[in-house]
Amino acid sequence: MKTPWILFFCSLLPGLGDTLNCSSPTPEALFDSLEKELFSKKLLRPVKSFSETLKVTLEAKLAGILGVNEKSQSLTTIIWLSQKWNIQGLSWDEKECGTSKVSISREKLWIPDISISEFMEEDKSPKTFYVHLNNHGQVTDDKPVRVDSFCKLDIYTFPFDIQNCTMTFGPYLHTGNAELTLQESREVLWTKGEWELKNIQVTASILEIPHGNYSEIKYYFILRRRPILYVVNLLLPSCFLITLDLFSFLLPPATTDRSAFKMTLILGYTVFLLIMNDLLPVTGHGTPLLNVFFSISLALMVASLLETIFITNIQFRSDNYVPVPHWLSVLVLRYLAAIVCLPRKRRSTRLTVSLSPEPKGMTCVFLVCLLMLAL
Amino acid sequence: MKTPWILFFCSLLPGLGDTLNCSSPTPEALFDSLEKELFSKKLLRPVKSFSETLKVTLEAKLAGILGVNEKSQSLTTIIWLSQKWNIQGLSWDEKECGTSKVSISREKLWIPDISISEFMEEDKSPKTFYVHLNNHGQVTDDKPVRVDSFCKLDIYTFPFDIQNCTMTFGPYLHTGNAELTLQESREVLWTKGEWELKNIQVTASILEIPHGNYSEIKYYFILRRRPILYVVNLLLPSCFLITLDLFSFLLPPATTDRSAFKMTLILGYTVFLLIMNDLLPVTGHGTPLLNVFFSISLALMVASLLETIFITNIQFRSDNYVPVPHWLSVLVLRYLAAIVCLPRKRRSTRLTVSLSPEPKGMTCVFLVCLLMLAL
Amino acid sequence: MKTPWILFFCSLLPGLGDTLNCSSPTPEALFDSLEKELFSKKLLRPVKSFSETLKVTLEAKLAGILGVNEKSQSLTTIIWLSQKWNIQGLSWDEKECGTSKVSISREKLWIPDISISEFMEEDKSPKTFYVHLNNHGQVTDDKPVRVDSFCKLDIYTFPFDIQNCTMTFGPYLHTGNAELTLQESREVLWTKGEWELKNIQVTASILEIPHGNYSEIKYYFILRRRPILYVVNLLLPSCFLITLDLFSFLLPPATTDRSAFKMTLILGYTVFLLIMNDLLPVTGHGTPLLNVFFSISLALMVASLLETIFITNIQFRSDNYVPVPHWLSVLVLRYLAAIVCLPRKRRSTRLTVSLSPEPKGMTCVFLVCLLMLAL
Amino acid sequence: MKTPWILFFCSLLPGLGDTLNCSSPTPEALFDSLEKELFSKKLLRPVKSFSETLKVTLEAKLAGILGVNEKSQSLTTIIWLSQKWNIQGLSWDEKECGTSKVSISREKLWIPDISISEFMEEDKSPKTFYVHLNNHGQVTDDKPVRVDSFCKLDIYTFPFDIQNCTMTFGPYLHTGNAELTLQESREVLWTKGEWELKNIQVTASILEIPHGNYSEIKYYFILRRRPILYVVNLLLPSCFLITLDLFSFLLPPATTDRSAFKMTLILGYTVFLLIMNDLLPVTGHGTPLLNVFFSISLALMVASLLETIFITNIQFRSDNYVPVPHWLSVLVLRYLAAIVCLPRKRRSTRLTVSLSPEPKGMTCVFLVCLLMLAL
Amino acid sequence: MKTPWILFFCSLLPGLGDTLNCSSPTPEALFDSLEKELFSKKLLRPVKSFSETLKVTLEAKLAGILGVNEKSQSLTTIIWLSQKWNIQGLSWDEKECGTSKVSISREKLWIPDISISEFMEEDKSPKTFYVHLNNHGQVTDDKPVRVDSFCKLDIYTFPFDIQNCTMTFGPYLHTGNAELTLQESREVLWTKGEWELKNIQVTASILEIPHGNYSEIKYYFILRRRPILYVVNLLLPSCFLITLDLFSFLLPPATTDRSAFKMTLILGYTVFLLIMNDLLPVTGHGTPLLNVFFSISLALMVASLLETIFITNIQFRSDNYVPVPHWLSVLVLRYLAAIVCLPRKRRSTRLTVSLSPEPKGMTCVFLVCLLMLAL
């Protein structure tokens, strides 16, 4: 059973209400009566007296997620919004007037001023022109709304992030059942894009402020980014290059130019950073963990290249070269080597360093990659 | 013979209808009569009684496909929409009033509220101002509509994908012939762009819901992407580079720096990925097979470079080097070699591995490329 | 002498017409008369009787070409549109009313429903508010129109392409002189951008359909792309790199790493393809010849690199290497060599192949480049 | 205690004002009275006489910073604007009319012409339709305003820049408390994006010009860019590459091709400049210090590569080579070496130059990097 | 003393004019009179008789330059437009009516149809609603106008280009002082962006055409691009790379792979072209000199690499190589060498060519760079 949200609208608009008399069961007769009783009071809130509140039933279904803009911290969605309210005192006899329901142009009626507080742009919704009015005075206003709303986006765990965006419908009083609304939203979601709807939660609150009670409904849309594309395009190739860098220590420095090899590798990683730059969200506040991971990877590559340069220098230096200062070789061979996951044990014989990335080293890199994937 | 869609409009608006009397066969006389009988009843659905439904004939021709946006899962098209309906009871004598047809400003008449359910933005159609009314009371409303609609895009087989986008016109009843509408759509399609119209299918359905029957027409536009540009720009050069990588095993490791060559090749492939990144659709749900293919290609290249590094290490190592751990050389030479399509037979003499990519290896790469092209 | 287009408007709107009487030669008196006789009949087509057609004179001048969008196959232009028509029966005495011409707000008059069939978006023209009415009843409506229209763009010969875009003005009857309109268009063209106006052609046609004759005027704008920028930025550098590749055969394989050189060259060409990717139009139907040329160039470079690899393999192989399979060396040295324009004569002594790109080879490359430029 | 801005509106509009009499405490009666007394005087400024000024209380809260466009020197924000003013002489008895407050459609009332002088585009704010009117004649108009305003952006210290954007509300007189407005603005700021609100300052000024006093309120929004993303993505990798370049002097020139290594490094830095190009603001006036830093870094790299070329030339030249001209070797080895932070002392023995970047050299580079970070 | 533009409006609209009588010095009385005398004649040009022209004083201040679009040849600016004109015969006594000035909603008055001929899009100006009317009948209409106008942009000397954009205000007669308008424009210019306002010139012209005199005012805005950013980002790094290429001749061919070095350099330059491609204006007509400079630089680099290849071939060829054809070596060593600024004198001993780029060569490159900077 579907019990939608029932909201109490306690705005400051005056009320109205009368029973219609149709001279004949024809469309003309009904509209003449409506013209007199209803359309002429377009400015008035449809209640009998100001002490009464207008109950507005609100239903929102998430029809599609058009996009998330991390730069301006906004979310663009299509919401199917259904509002229902009663025009107090309005009713007519179905047989006397010939019908139980009519479509009426929206501009002929008083419309409650629902608005979403997080709205940030002019309305770009597709226009609809008619609302339904039945013979008990109930108005049904169904329409799609394109919502450009604020959303505090936290991209720290990008691309494995989950966003929680709120939409505050006000000013309304409400009662009702949140679970049902959620189910419907899942059913109607059109898009199969980057974002997946995980959950919808609804809370209601009534703020008692001097000029009447202010009621609002908050919808929380919890969205999960589908990370597969970013894993395939960003994380995997990046791990490939890091693996390459690690194993490049196996290259014999005597026959190949290992430093040139590593430099080309860093160049390739820089080109790769160029690709990522297009895909990564650019926002100044929270730096994504992924960015930090890429920076650290680059730092490691540079450190391992420096290591290579030192080793080459030590290995092939002629006697007439000025030796590397002692403090520098200690810094590089003891601390930097540990960072780039080189085995520390065999550092006694310098040349071996450049040879054998032991399981420990590889574990180190794979750990970092797995860590990212497991996040 | 062209028999367009005939639709029954059973909305809730009241009806109207009278025979016109013109005082003279002049434009002024006719419009005076229309003003009295028709324009004053703009709010009323043009039927005699609420029990009658209004039949609206609907015809949609696809005039152009402006674009497909994979990110927001949307399709932008121009549709030529033709609606025809009868104003019940309205008719005039051609001789008495001087003409059989008049153009009337749209805002003077009741217009059925056709809408496309998949619409997702405000209407950006070029505006038209007139409809035609003939002396039997038939209204013809021809207009172009620019449609920004949802479409669930499946890009798994990109760029060889076929999309099926629906447009649901409602709320209408319909009868008619789908085949003709399709033919016309093919005739009028203006664009010669990326998308080709394969087929148009039409289905009709009547939903019986409490407040009257709800009728809708669904158009299915089946679009096929023209893949030639993506093949020329993406697949072919990518296969060129993969071929290069395979044949690079022929480079003699003694005289050339094969690992540096392969590293430059990987760099080139990374640059190439940069180009593809601009052309590929970015959406988080279905990863295109092409992306997977590119990732696997990069993985193969990295694997073959690792292979080269190991071989170089084994081939040129001095005796004072620590040997590669046994489990690693087994992993690399037995399993990795198989992946990069190296012949396994001659692995007994290590040096030969680096020499001869047998037909089997080449077949392997060509198979992958052909597979992609044959998809 | 300028004789503009005279068009016959045979729409379905009723006519009107009377001679004005001004009580005094003041603006107020004239407008009072106009109010009574003209403004009140805004809905009526200004003819005496429905049997008469309204002649509308149409003049279109191309003021500027704002852009061509190959992706959505559209053309954006600014057209200066001038329409003239007579309000039948309307006239006033210049002395009696005090003036021979007045400016009238457009919304007070009946305006013919000119529309361009190729229009594909809402009207973004700068708004104008007044039309001119003279004392013989002639209305002159001059206004700029920003036109977003369809245009079947054929980019096969890009950047040397010539486009033929049509704009169909309807529904109108016309007579007149096409040559003059063309001359004026050339005079007023504001822009000095990428597109050059070569010619304007005008044709007229009258379709006899049941509900009156349907007349339309078709303007054909023939536009030529100015290719110089694309030649300087795309074709020349591309030819430079291809030339480099050809002459790289002169590099002595003994002292330099020719395969690495060629690999870097291919990398450079790939980077170059990245630049072109931004400049080239992306559309799926007709692949530009230029794209094919770039793909073939890349293929040639890859082929010549493969050639180099084979030669290096043959030249420097030790005796313990497994020889290249016979069928492969035949394929490469006989057929591939021919493709990359290597002289076939001296293939008897293998080493010479890598040495001397004879005039024939260079001619081959220069021929391709010249061919592109001569297109 | 919150004391908002009180503003005196001394515009040229005439005043009005009367006490309402309601026939009954129903909505209809109140609106009939309002219709007569208020709505009919929509064009008049609500004061009794022209000598009186209208006090308008103005409150602006910064709800969100949507974006800063350095190219067009503009700032896009969402402001919550609250205006309050009194309709002179209007009041009603709460009991007689049944309510103390009503919502009234904005188009039925005179609205003060607040405008922000820095506005540069059409209004894209979400539309609101109602204002509140209480029984003492006070009108409250709360609405969100999307502001596209000019802002002189100084990007010299990018990405550590602080911008000061003003919004001038006029024409108004004001008194009040700036501190409170600032606090509220901080509370409601929605976004967590690139820009952080540091401070809001308010000043008021009254310009006495012939046609009445012109009063305006200036809000100064001081925004600080969050630099962390730019440091991680731009400064750190750039410093990595510069460090690499410095230490590349340790590469022994006899065994490795140091000039090729440095050339690849410069290529990598160029690719890196490509990434930065997307992130850096492009504006022609103030060149960011960062751009200068990157240009100097590139110059240093090129200088050090030139140094390497000279050294290689000197070291390995055969006797039959023409020596480098004396003035050039002096220029390079004395001055250029100093620029690239090479120790000058040991320049007596030429070969040592290429060996030992002493602490002094490294300090030099680190100083530059630290300087940038400390800015 | 500020004497603004006085313009004569000789349009075709009829005139009006009367002295107002206020029943009391209240706003209501004044507006009742205005309603009767002025608002009811909104359609009429406010002159007594058609023979009189309406003088409109026009003042335009350039408030901001939002952007220049080279592709569509357009300029976007914000202009503060002030129009003043007199309503003939309208006046009231300040004491009798209570005020000397009122604000009036713009839609209640006749507004002259100023338009800028170069306008190319719909109006996106921020909306203003009021004009001022004083008791002598003078109307003052101040408003900001966002102008998207055509401008023939000549980018031959980019980034040192100066643009001259015209705005033609018509149809108006004018007199006045151009110097003052210029001064004010400089004062109010908000932006500090890429474009600097150098000068504003004003000319007036009266075209005598059959239907009355047509008067127009032409504003010429002379804008200068601030080139510093392009020099720092484009010209300097480009010159660095060219310098590198020149000095690479110092690399000893025996120990280093000079052709590989140069190839990497060309690759780096290609990457650099990629950066420039984003910054350079893309338009097909006038190729910027800078593009030509970059193409020539690339050509020179390719030529010098070809030179290197030939030299390497000659230097290291074994005896069994087929020699380079004579005509080719003449072409390369005599003419190409001269182009790449190599000293011609020592060409007798071939090996020296590769060694010593004499001052003459360096002067050659520096000359080109300085030439670009001095432009």
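Since we're looking at a predicted model, the values are computed, not measured.

(A) Looking closely at the UniProt feature "transmembrane region" (unreviewed entry) in chain A. Residues and elements named next belong to chain A. Taking the UniProt record as the reference, the feature "transmembrane region" (unreviewed entry) is found at residues 228–251, 263–280, 292–312 and 324–342. Strand forms 0% of residues 228–251 and helix 83%; the C-alpha atoms that close the span are 34 Å apart. Secondary structure over residues 263–280 splits into 94% helix and 0% strand, and the C-alpha atoms at its two ends are 25 Å apart.

(B) Local environment of the domain arrangement of chain A. All names here are of chain A. Examined at the domain level, chain A breaks down into domain 1 (2–226) and domain 2 (229–318). At the junction of the two partners, domain 1 supplies 11 residues and domain 2 supplies 14 residues. Together, the buried faces of domain 1 and domain 2 total about 1000 Å²; carbon and sulfur atoms form 71% of this surface. The three residues of domain 1 that bury the most area against domain 2 are Ile155, Tyr156 and Phe158, which together make up 54% of that side's buried surface. The interface formed by domain 1 and domain 2 contains 0 salt bridges. Summed over the shared surface of domain 1 and domain 2, the result is 1 residue pair in polar contact (both at pLDDT 80 or more). Considering only residue class, the side of domain 1 that touches domain 2 consists of 5 nonpolar, 1 polar and 5 charged.

(C) Main features of the nonpolar core. A:Leu244, B:Leu244, C:Leu244, D:Leu244 and E:Leu244 are the most contacted members of the largest nonpolar core, which has 176 residues in total. For E:Leu244, the contacting residues outside a window of four places in its chain are D:Met263, D:Ile266, D:Val302, D:Leu305, D:Leu306, D:Ile309 and E:Leu265.

(D) Structural context of the confidence of the model for chain A. Residue and element names in this part refer to chain A. Looking at chain A, the pLDDT average stands at 74 and 69% of residues meet or exceed 70. Looking at the elements of chain A, mean pLDDT is at its lowest for strand β1 (residues 5–9), recorded as 46, and at its highest for strand β7 (residues 138–150), recorded as 88. Low pLDDT, under 50, characterises residues 172–180; the predicted model gives this stretch 40 contacts beyond four residues in sequence or across chains. Counted against residues more than four places away or in other chains, residues 342–362, with its pLDDT under 50, gives 46 contacts. At the level of chain-chain contacts, confidence expressed as ipTM amounts to 0.75, with global pTM at 0.81.

(E) How the structure looks around the packing of aromatic side chains. For the coordinates displayed, the defined rule picks out 40 aromatic pairs over all chains. Centroid distance C:Phe247 to E:Phe310: 5.8 Å. Interplanar angle 50°. Geometry classified as tilted. Placement of C:Phe247 in helix α4 (residues 228–247) and of E:Phe310 in helix α6 (residues 289–316) is noted, with the two residues assigned to different chains. One exposure class covers both C:Phe247 and E:Phe310, and it is buried. A centroid spacing of 5.5 Å and a plane angle of 80° characterise the contact between E:Phe169 and E:Tyr219, whose relative ring orientation is edge-to-face. Here E:Tyr219 lies in strand β10 (residues 212–225) and E:Phe169 lies in strand β8 (residues 162–170), a separation of 50 residues in the sequence. Classification of E:Tyr219 by relative accessible area gives buried; the value is 0%.

(F) Region of the structure containing the environment of D:Leu274. Checked against the element boundaries, D:Leu274 lands in helix α5 (residues 258–279). The contact partners of D:Leu274, leaving out residues within four places of it in the chain, are A:Leu274, E:Val271, E:Leu274 and E:Ile275.

(G) View of the state of the cysteines. All names here are of chain C. For the structure on display, the rule yields 10 disulfides over all chains. The disulfide partner of Cys22 is Cys97, and the S-S distance across this bridge is 1.8 Å. Residues Cys22 and Cys97 are joined through a disulfide that is right-handed, its torsion about the S-S bond being 90°. Pair noted here: Cys22 is in the loop between β1 (8–9) and α1 (27–37) and Cys97 is in helix α2 (residues 94–97), with a separation of 75 residues, a long-range link. Here Cys22 and Cys97 have matching classes, each one buried.

(H) Helix α4 (residues 228–247) of chain E, seen in detail. Residues and elements named next belong to chain E. For α4, spanning 20 residues, the distance from its first C-alpha to its last is 27 Å, which sits close to the expected 28 Å at 1.5 Å a residue. At Leu235, α4 shows its maximal kink, close to 25°; a proline, Pro237, follows between one and four residues later. Along α4, 17 of the 20 residues are buried, which leaves the element largely enclosed by surrounding structure.

(I) Expanded view of the packing of helix α5 (residues 258–279) of chain E against α6(E). Residues and elements named next belong to chain E. Where α5 contacts α6, the axes come no closer than 9 Å and their chain directions differ by 170°. With respect to each other, α5 and α6 are oriented roughly antiparallel. For α5 against α6, the interelement crossing comes out left-handed. Seen from α5, the contacting residues are Arg258, Ser259, Lys262, Met263, Ile266, Tyr269, Leu273 and Met276; seen from α6, they are Phe294, Ser297, Leu298, Met301, Val302, Ser304, Leu305 and Thr308. The residue inventory of the contact of α5 with α6, partitioned by class, reads 10 nonpolar, 4 polar and 2 charged.

(J) Here's a closer look at the pairing of strand β4 (residues 101–105) of chain C. Residue and element names in this part refer to chain C. Within β4, 4 of the 5 residues are buried, leaving the element largely enclosed by the surrounding structure. The sheet contact formed by β4 and strand β6 (residues 130–134) spans 5 bridges and is antiparallel. Opposite Ile104, over in β6, you have Val131 as the bridge partner.

(K) Representation of the pairing of strand β2 (residues 54–69) of chain C in the model. Residues and elements named next belong to chain C. In terms of burial, β2 is a largely internal element, 12 of the 16 residues being buried. Pairing geometry for β2 and strand β3 (residues 74–86), over 12 bridges, is antiparallel. Its bridge partner being in β3, Thr57 is matched across the sheet by Lys84. Connecting β2 to the next strand, β3, in antiparallel fashion are 4 residues, including Gln73 with a positive phi near 55°.

(L) Geometry of the packing of helix α4 (residues 228–247) of chain B against helix α5 (residues 258–279) of chain B. Residue and element names in this part refer to chain B. The geometry of α4 relative to α5 is characterised by a closest axis approach of 10 Å and an angle of 165° between their N-to-C directions. Between α4 and α5, the crossing angle belongs to the class labelled roughly antiparallel. Considering how the two elements wind past one another, α4 and α5 form a crossing that is left-handed. Residues Tyr230, Asn233, Leu234, Pro237, Ser238, Leu241, Ile242, Leu244 and Asp245 of α4 form the contact with α5, whose participating residues are Lys262, Leu265, Gly268, Tyr269, Phe272, Met276 and Leu279. Residue composition of the contact of α4 with α5, by class: 11 nonpolar, 3 polar and 2 charged.

The rules behind these values
Residues numbered from 1 in each chain as written. Chains lettered and ligands numbered in written order. Predicted model: local features only at pLDDT ≥ 70, side-chain atom pairs only at ≥ 80, totals over all residues. Heavy atoms only, no water. UniProt positions renumbered as here; feature names shortened; annotations may be inferred. Helix = DSSP H or I, 4+ residues; strand = E, 2+ residues; numbered from the N terminus. Domains from an automatic or database assignment. Contact = heavy atoms within 4.5 Å. Buried area = accessible area lost by both parts, 1.4 Å probe. Salt bridge = Lys/Arg side-chain N within 4 Å of Asp/Glu carboxyl O. Polar contact = N/O pair within 3.5 Å; in protein donor to acceptor, adjacent residues only side chain to side chain. Nonpolar A, V, L, I, M, F, W, Y, C, P; charged D, E, K, R; others polar. Core = buried A, V, L, I, M, F, W, Y, C linked by side-chain atoms within 4.5 Å. Buried < 20%, exposed > 50% of the residue type's maximum accessible area, 1.4 Å probe, protein only. pLDDT = per-residue confidence, 0-100. Phe/Tyr/Trp six-rings, centres within 6.5 Å; stacked < 30°, edge-to-face > 60°. Disulfide = S-S within 2.5 Å. Expected span 1.5 Å × (residues − 1). Bend = angle between axes of the 7 residues up to and from the residue. Axes fitted to C-alpha atoms, helices over the stretch in contact; angles between N-to-C directions. Parallel < 35°, antiparallel > 145°, perpendicular 65-115°, else oblique. Left-handed = near helix turned anticlockwise from the far one by under 90°. Pairing = 2+ DSSP bridges.

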